[in-house]
Each structure stands twice: as structure tokens, then as C-alpha cells.
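# Structural description and commentary
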Amino acid sequence: MKVKNRDEKIILLIGLTVVAVIISAVFSIMTARGSVIKIGPIVLNSSQIAGVLTSVRAIVFIAMVFASKRYGSKVSYFVIAIGVVPIIIEFSHGSFNGIPGLAQNVSAVLMVALVDHFLSIAEKQKKVLQNMAEQDPLTGMKNRRSINKDIAYLLDEEKNFYLCYFTIENFKIVNDTIGRDYGDKLLIAVANRLQALLREGEFCGRITGPDFLLVIETSVPSKVIEERIKDYVKVLSKPIVIGNVESPMEIKAAIVKSPEDGLDVDVLYRHLDGTLSRSKSTHDKRIFFYNASITSEISEAFHIEDRLFKALDDDLLHLVFQPQFTADTKKLRGFETLSRLEDEDGTPIRPDKFISIAERTNLIFKVDDWVLKAAVEKFSPIIKENPDLIISVNISARHFQRLDYADYVLKVLKDYDFPPKNLEIEITETAFADSISVVQECLRKLRDISVKVALDDFGTGYASLSYLSALPINLLKIDKSFIDKLNVDGSTDNEFVKLIISMGHTLNLEVISEGVELEEQRNLLNDWGCDLIQGYLWGRPVDFDQACAIIENQK
Ligand code: G
Ligand code: G
Ligand code: MN
């Protein structure tokens, strides 16, 4: 395409040059001879003809400069110079008829120079704009647009290449805690590290935020490329020191190769995204190659998301309730509300699966709001008869991004006339991963209106004594994984569970054990002072009518 364009330009330039030379020749002859031309009734003398020819020639010169940036002006000067030669010769013979012609040639030179000058200014500006559109202003690297253009070129040329997407996993934390200026400097340092590593056949750019893309043009097998990428990850993962602040670098790399993994920029990026989201849930690896199972996981997630959407619209989501009892006397304390969803053919979709998919989209807000309303609505009349019963619901950590969440809960409770003291909100430790002060504020508001708060899956996350004592929590739920490991003959796991129970009591919290399946487990927990028990031993999750029957049986 490019070559054809250049050929066309050269042919045009040659054509224009011939025209200019002919005009110059006629011009010289006319001015030298002082001829008269008759075209029908029109009679033109030599100076009139010269005027017409000069104007036409000027237009041809301008066209030449436009036709070729490189040669247009030079060829014009050459043609003008040839035109001047006969005039100079005439001067040497003592004839000065050519003076007007000389003046016109001088003005032609000036005009060509002027047009050429403005054209090169315009060209420079175009280049600057083009650079701005294709350069990342922070790091000076190629931006997404530019790198996509290069990838499209490689695809067009049917080259073999790898795309390697590097992301700095801890960038958000660094940026939020140390500051944006520091964050910017960190990105520049990473860009420099990347660029310093580049070899022939490799180029890179910044896609967005802390995400960089390296393109390696080669057809060597993935195993060899993995070694090369390991080198990159090793260098990029070294802590970065700016001023006197050192930041660890948590780098993950996702890789796709073309043509095997895709023949289209969009498909390659989609596979990179899938590979990257797989990498987020794996903590002991840093380099991830795309494979087809990632696509099937993504399409399964799409399917579940679709099903969940439909379920919310058509009321297909439903609830089950798992009883909780006192560990010693098996007195009913209340129920944990758990949501259930089935596929079109009736097979259950695992709740941890659809909940985690809902959490990645904004559907979790709708799911949890629906669950809260449905649970409160169902149990509102029951609570009137059983004023000590506690109904707990699981709430995703993402709700705490809503500063008014406590007000929202209060409004729901009012709408369904449900006493706040009979509601318990279950949260997991991931709620504190983002901003503890916002969560604290929200939990405090909930406690102020007498809603209870339970800390779910305790022991599996980043349990820290300092936040535990700072948070307004009522109940610690010991995760099932610890209960599974209890041993009548004694073990370190036993000691760990004992420790959680006594720590909970020191902090004035009640403690419940989840997933209690065996009488021996219940005995141990009861001996150690665990307050409450939830598990298959005393009750599986049941539907609302069965839950009501359990309540009746207690009386
Ligand atoms: O019983 P079950 O397999 O449903 O629970 C799986 C996980 O899903 C548990 O961790 C539970 O807390 C969570 N879960 C169940 N229902 C809901 C819900 O309605 N909202 C949220 N956020 N989590 C739920
Ligand atoms: O994470 P959360 O605590 O909300 O999860 C409760 C989950 O544990 C639910 O999926 C519930 O069905 C399940 N569960 C509750 N008791 C038992 C039990 O005794 N054994 C097993 N295997 N699962 C249980
Ligand atoms: Mn729970």
C-alpha cells in the first residue's frame, strides 16, 4: 500500500516537472522573441503571454512541492534554474529584455521556498500530534493504541509472536498509601526496567494503569519463552526504591501466543484477560500461559451470570436456613440464611461459585439486597412469637463501599417491621482488605441500631488482634476447616481452636463453630467453652417450612 502510494507520487512529480519545463521553455522563447499570438479574435502580446505562463507555472511548482515532500522543491529550483540560463546568456550578449523574466523566476524561487517551509511546519505538527496520540505521556512508551497497531501489523504479516501482559498487583495499595506522585515514579521506573531488558524482536508499551504489554516476535516453543519471561519477572519483581521509600513489587504475567491462541487483537486480549483473572486466584505462581480451559471457565462464568440475572428477574433464587444451637443444651439460637440457585435443568449451582461470580460483577448488590429483604419478610411474623430468635444473612464485603449501608438496612427492617436486634449480618475478613475505617464506621452504625455482626470463616483470612479489638463485632464464626481437623487425641489444631475461643471471650465476643458433623467434635468444643454450634450434626440447611417446624419443636 505504502509502496504503491510512493510510485504514484513519483509519476505525478515527473509529469508536473515536464509541464513546468515546457512552460519555462515557451516562456523563455516568448519573452526573448517578443512574439504576438492570435487565438481567434484574441491577440496577446509577449508580456501578456508571459504573465499567463508565469501564473500557470507557479501553480505547477506548488503542485510539485505538494506531490513530493522530499524532491518537489528541489526539482522546482532546478527547473527554475534551467529557465534562467537563456536569460543570463542574453544578458552576456548585451540584451536586457529578460529582466522581467528574471524577476519572475526569483519570485518563483521565493514562492516555492515559502510553500515548502509552511508545509514542513505542518508536517512537524502532524508528527507531534501523532506522537501524542501514540505515546504514553507518563513513561514515553508506546500506548495501547500504538501497540495494537503493531500487533495488527504482525497479524497481517502472519508472524508468530507472544503477548506478555505484566501487571503490578500491589500498585493500588502503593498508590493509595504513599501517594500518586510516588505511584507515577514507580510506573516510570518499571517502564525503564522493561525497556532496558528489550532484545531484538521485542517491544513493549503501557496499556493502562500498572499494566504493561511486551510483544516477542518469535516462533520458539513456549518453554523457551517461559525462561525469557522469568528473566523479565525476576527483574521487574525487585523492590523499587524512590527517595527513601522502598516498595515491594508483586508482578504477575499472563501470556498468549499467536497464531495458536488467536488471530485477532480482540480475541488475544480476551484470552489475556481470562488468563489474568485466573492468575488472581492463584498465589504461588507468577507466570500464566493461556490454555483452552480458561475459555471454558469464562464461558461457564458468563452462563452463571446470565442465569443469576434471570433468577433475580424471575424470582428463581431461593433461600434455605441452617439452624444454630447452644453448644451445651442444644437450645435453638436462630438460623443462617443461605441462598440457592439451580440451572435450567434443575442441577444446583454451587453457592460459593455463583456468589463469587456475583461479587465480580455488580450483581452481588442485588443478590444480597434480595436475600436480606426475603429473609426479613419471611421471619417477621415468626419473630413476634419468638423474640430471642436470631436470623443471620451473609453480606458481601463490597457493600461497605456504600457509606449508607447501615441506613439502608434500617429502612428494610422498618419496611418489614422486623426488630433490628434479631438480625445478624455475617461478614468475612475480606471486608477489611480495603479500607478499615469505612467498614468500622458502617459496623458501628449497625451496632448503634442494635443489629448484630458476625465475623464469618474466622481463621482463614488475615485475622489480626488489633483490628479484632477495634471492630464492633458480636460473634466469631470458627471456620469449618479447623473443626474438620479436631482430634480427640489432642493436636496443635485443637490448641488453635481453644485459643480462638478464649481470645473471643477475652474480647467479649460469642464464639460459634461451623461445620460440626460429629458428636466428638461437639463434645470437645463444648468442653472448651464454645458457645454455639452450627453443622450437619444438629441441622442441615432446610426450607422455610422445615425451619418453622424446628422452631415449633423447641417449644
Ligand atoms: O451453604 P453454602 O454452600 O451456601 O455457602 C457457600 C458460601 O456462600 C458461604 O461462604 C456463604 O457465606 C456464602 N453465601 C451463601 N448465600 C449467600 C448470600 O446470599 N450472600 C452472600 N454474600 N454470600 C452467601
Ligand atoms: O461460609 P459460610 O459460613 O457462610 O458457609 C456455610 C456453608 O457451610 C454452607 O455452604 C453450608 O451449607 C455449609 N455447611 C454448614 N454446616 C456444614 C457441615 O456440617 N458440613 C459441611 N460439609 N458443610 C456445612
Ligand atoms: Mn456464613
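Residues numbered from 1 in each chain as written. Chains lettered and ligands numbered in written order. Predicted model: local features only at pLDDT ≥ 70, side-chain atom pairs only at ≥ 80, totals over all residues. Heavy atoms only, no water.

## Points about the overall build of the protein chain
- Check the secondary structure of the protein chain and you find 19 helices and 18 strands.
- What you see for the protein chain is a C-alpha radius of gyration of 40 Å, clearly larger than the 24 Å of a compact globule of 555 residues, by over 25%.
- Based on the C-alpha atoms only, the size of the protein chain along its principal axes is roughly 135 × 55 × 50 Å.
- Within the protein chain, the fraction of its 555 residues that count as buried is 44%.
- Within the protein chain, contacts between residues separated by at least 24 positions form 68% of all contacts whose residues are at least 6 apart in sequence.
- A total of about 29400 Å² of accessible surface is found on the protein chain, and carbon and sulfur atoms cover 57% of it.
- Measuring between centres, the 65 positive side-chain charges of the protein chain sit 10 Å from its 77 negative side-chain charges. (Helix = DSSP H or I, 4+ residues; strand = E, 2+ residues; numbered from the N terminus. Rg over C-alpha atoms; globule rule 2.2 N^0.38 Å. Buried < 20%, exposed > 50% of the residue type's maximum accessible area, 1.4 Å probe, protein only. Contact = heavy atoms within 4.5 Å. Areas by Shrake-Rupley, 256 points an atom, 1.4 Å probe, with all protein chains shown as cover. Lys, Arg positive; Asp, Glu negative; His and termini not counted. Charge placed at Lys NZ, Arg CZ, Asp CG, Glu CD.)

## Some details on the coordination of the manganese ion (ligand 3)
- The protein atoms donating to the manganese ion (ligand 3) are Glu 336 (OE), Asn 394 (OD1), Glu 426 (OE) and Asp 456 (OD), with metal-donor distances spanning 2.1 to 2.4 Å.
- On the primary sequence, the residues serving as donors to the manganese ion (ligand 3) are separated as E-x57-N-x31-E-x29-D. Residue Asn 394 is located in strand β13 (residues 390–394), and its partner Glu 426 is located in strand β14 (residues 423–427); the two are separated by 32 residues in the primary sequence. (Donors = N, O, S within 2.8 Å, 3.2 Å for Na, K, Ca; no water.)

## Some words on a nonpolar patch on the surface
- A cluster of nonpolar residues, Ile 10, Ile 14, Val 18, Ile 22 and Val 26, forms a patch on the protein surface that exposes about 400 Å² of accessible area.
- Structurally, the position occupied by Ile 14 is in helix α1 (residues 2–33). (Patch = residues over 30% accessible without salt bridge, like charges linked within 9 Å, V, L, I, M, F, W, Y side chains within 5 Å. Salt bridge = Lys/Arg side-chain N within 4 Å of Asp/Glu carboxyl O.)

## Structural notes on the site of ligand 2
- In the vicinity of ligand 2 lie 15 residues, with Gln 322, Glu 336, Glu 514, Glu 517 and Tyr 536 positioned nearest.
- The separation between an oxygen atom of ligand 2 and a polar side-chain atom of Asp 456 is 3.0 Å.
- Taking Asp 457, its side chain carries an N or O atom lying 3.0 Å from an oxygen atom of ligand 2.
- Considered on its own, ligand 2 offers 520 Å² of accessible surface; in the complex 75% of this is hidden by protein.
- In terms of residue count, strand β11 (residues 332–342) provides more of the shell around ligand 2 than any other element does, three residues in total.
- Looking at the shell around ligand 2 residue by residue, the class counts come to four nonpolar, four polar and seven charged. (Near = heavy atom within 4 Å. Polar contact = N/O pair within 3.5 Å; in protein donor to acceptor, adjacent residues only side chain to side chain. Nonpolar A, V, L, I, M, F, W, Y, C, P; charged D, E, K, R; others polar.)

## Some details on the site of ligand 1
- Near ligand 1 you find Leu 338, Ser 339, Arg 340, Pro 351, Ile 355, Asp 368, Val 371, Asn 394, Ile 395, Ser 396 and Asp 456, and these make up its full shell.
- In the environment of ligand 1, a nitrogen atom lies 2.7 Å from a nitrogen or oxygen atom belonging to the side chain of Asp 368.
- Separating an oxygen atom of ligand 1 from a side-chain N or O atom of Asn 394 is a distance of 2.9 Å.
- Here ligand 1, which alone exposes 500 Å², has 78% of that area covered by the protein.
- At the level of secondary structure, the elements contributing two or more residues to the shell around ligand 1 comprise β11, α11 (351–360) and α12 (363–385).
- When residues of the shell around ligand 1 are assigned to their parent elements, the largest contribution, three residues, is made by β11.
- Its residues assigned to classes, the shell around ligand 1 shows five nonpolar, three polar and three charged.

## Remarks on the sheet that holds strand β8 (residues 251–258)
- Pairing is mixed in the open sheet, where five strands are placed in the order β4-β5-β3-β8-β9. Whereas interior strands pair on both sides, the edge strands pair on one side only; in this sheet they are β4 (202–208) and β9 (287–289). For this sheet, the mean angle separating the axes of adjacent strands, direction not counted, is 20°.
- Direction of pairing for strand β3 (residues 161–168) relative to strand β5 (residues 211–217): antiparallel, over a ladder of seven bridges. Across the sheet, residue Leu 163 finds its bridge partner in β5, namely Val 215.
- Packing against the sheet, helix α9 (residues 265–280) makes contact with β3, β4, β5, β8 and β9, and its axis sits at approximately 145° to β8. (Pairing = 2+ DSSP bridges. Axes fitted to C-alpha atoms, helices over the stretch in contact; angles between N-to-C directions.)

## A short note on the packing of aromatic side chains
- Within the structure shown, the criterion is met by ten aromatic pairs.
- Ring pairs connect the aromatic residues Phe 321, Phe 335, Phe 379 and Phe 544, which therefore count as one cluster.
- Looking at Arg 144, its charged tip hangs above the ring of Tyr 269, at a distance of 4.6 Å from the centre.
- The ring of Phe 325 is capped by Lys 330, whose NZ or CZ atom sits 5.7 Å from the centre of that ring. (Phe/Tyr/Trp six-rings, centres within 6.5 Å; stacked < 30°, edge-to-face > 60°. Lys NZ or Arg CZ within 6 Å of the ring centre and 35° of its normal.)

## Some words on the side chain of Glu 514
- In this structure, Glu 514 sits in the loop between β17 (510–513) and α18 (519–527).
- Apart from residues lying up to four places away in sequence, Glu 514 is in contact with Glu 336, Asp 456, Asp 457, Lys 477, Ile 478, Asp 479, Lys 480, Ile 483 and Gln 534.

## With respect to the pattern of salt bridges
- Counting across every chain of the model gives 23 salt bridges.
- Put simply, Arg 228 and Glu 202 hold a salt bridge, and the shortest N to O gap is 2.8 Å. Linking Arg 228 in helix α8 (residues 222–236) with Glu 202 in strand β4, this pair joins segments that are 26 residues apart in sequence.
- Assessed through its relative accessible area of 10%, Arg 228 is described here as buried.
- Taken together, the shared-partner salt bridges connect Glu 336, Glu 426, Lys 477 and Glu 514 into one network.

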